[in-house]
Amino acid sequence: MDLKDLDRAFEKMIKQFPQARRRLVEECGEKMYQKVLSNISQVDEKTGNLRKGVKKAVGSRGGYSAVRPDYKIAPHTHLIENGHKIVRNGKVVGWVSGKHMYRNALNELANELEQDGEKMLDELVGDFNG
């Protein structure tokens, strides 16, 4: 491989990276979204707003993906996620432990999402080598 071939290979990789990154970010966001919904289905919730309130957003340039609660639909999400005090007649009488639907989703998928990123890079570098 001479210098011109190397230069063309770099140009090709530079052009492919933004689309590959956006695809990776969208796929990771979808996995997180589905995992959060799965975790919520294990919570005893009456109205269904907790599930309806899960929103997925992808950055306009595809640089990030976020799965977060919509507090207009489910304003109580933080109480279920993090836990809360039980107050009766102005006195704290107990504590309800958090269900950690969002945090657990991230913890459970962290390795898989990292492997997806490495796979995407391997595919780009594989194209570069071939």
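Here, every reference points to the structure presented above.
Parameters at a glance
The residue numbers shown here count from 1 along each chain, following its written sequence. With the structure being a predicted model, the display of local features is reserved for residues of pLDDT at least 70 and the display and counting of side-chain atom pairs for 80 or more, all residues being used for whole-chain, interface and lining totals. Note: side-chain values were computed over all heavy atoms of the structure, leaving out hydrogens and water. The rule is simple: take the accessible area with a 1.4 Å probe, protein chains only, and divide by the maximum for that residue type; under 20% is buried, over 50% is exposed, in between is partly exposed. For the purposes of this entry, the term helix denotes a DSSP run of H or I that reaches at least four residues, the term strand denotes a run of E that reaches at least two, and both are numbered from the N terminus. Here, strands pair whenever DSSP counts at least two bridges between them. One less than the number of residues in a helix, times 1.5 Å, gives the span that helix is expected to have. A residue's bend is simply the angle between two axes: one fitted to the seven residues ending at it, one to the seven starting at it. Think of a 1 Å grid over just the protein atoms. A cavity is a set of points where a 1.4 Å probe fits yet cannot get out, a pocket is an open set with protein on both sides within 12 Å along at least five of seven lines, and lining residues have an atom within 4 Å of a point. Grid points are joined across faces, edges and corners, and a volume is the space filled by probe spheres set on the points. Note that Gly is not counted as nonpolar here; it falls among the polar residues with everything else outside the nonpolar set of Ala, Val, Leu, Ile, Met, Phe, Trp, Tyr, Cys and Pro and the charged set of Asp, Glu, Lys and Arg.

**Details of the pairing of strand β4 (residues 91-97)**
Counting buried residues in β4 gives 0 out of 7 residues, a small share hidden from the surface. Pairing of strand β3 (residues 83-88) with β4, which is carried by 6 bridges, proceeds in the antiparallel orientation. In the strand pairing of β4, I86 is matched with G94. Here β3 folds back onto β4, and the loop between the two strands holds 2 residues, one of which, N89, carries a positive phi near 55°.

**Re helix α1 (residues 3-41)**
Taking 1.5 Å as the rise per residue, α1 with 39 residues should run 57 Å; its terminal C-alpha atoms sit 56 Å apart, in good agreement. Maximum bend of α1: about 35°, positioned at F17, with proline P18 one to four residues after it. Of the residues making up α1, those classed as buried are A9, A20, L24, V25, C28, G29, M32, V36, L37, N39 and I40.

**Some details on the layout of surface pockets**
Looking at the largest pocket, its volume works out to about 190 Å³. Lining the largest pocket are 14 residues; nearest its centre among them are V43, D44, E45, H76 and I80. Taken together, the elements giving at least two residues each to the lining of the largest pocket come down to α3 (77-82), β3 and β4. Of the residues in the lining of the largest pocket, the class split is 4 nonpolar, 6 polar and 4 charged.

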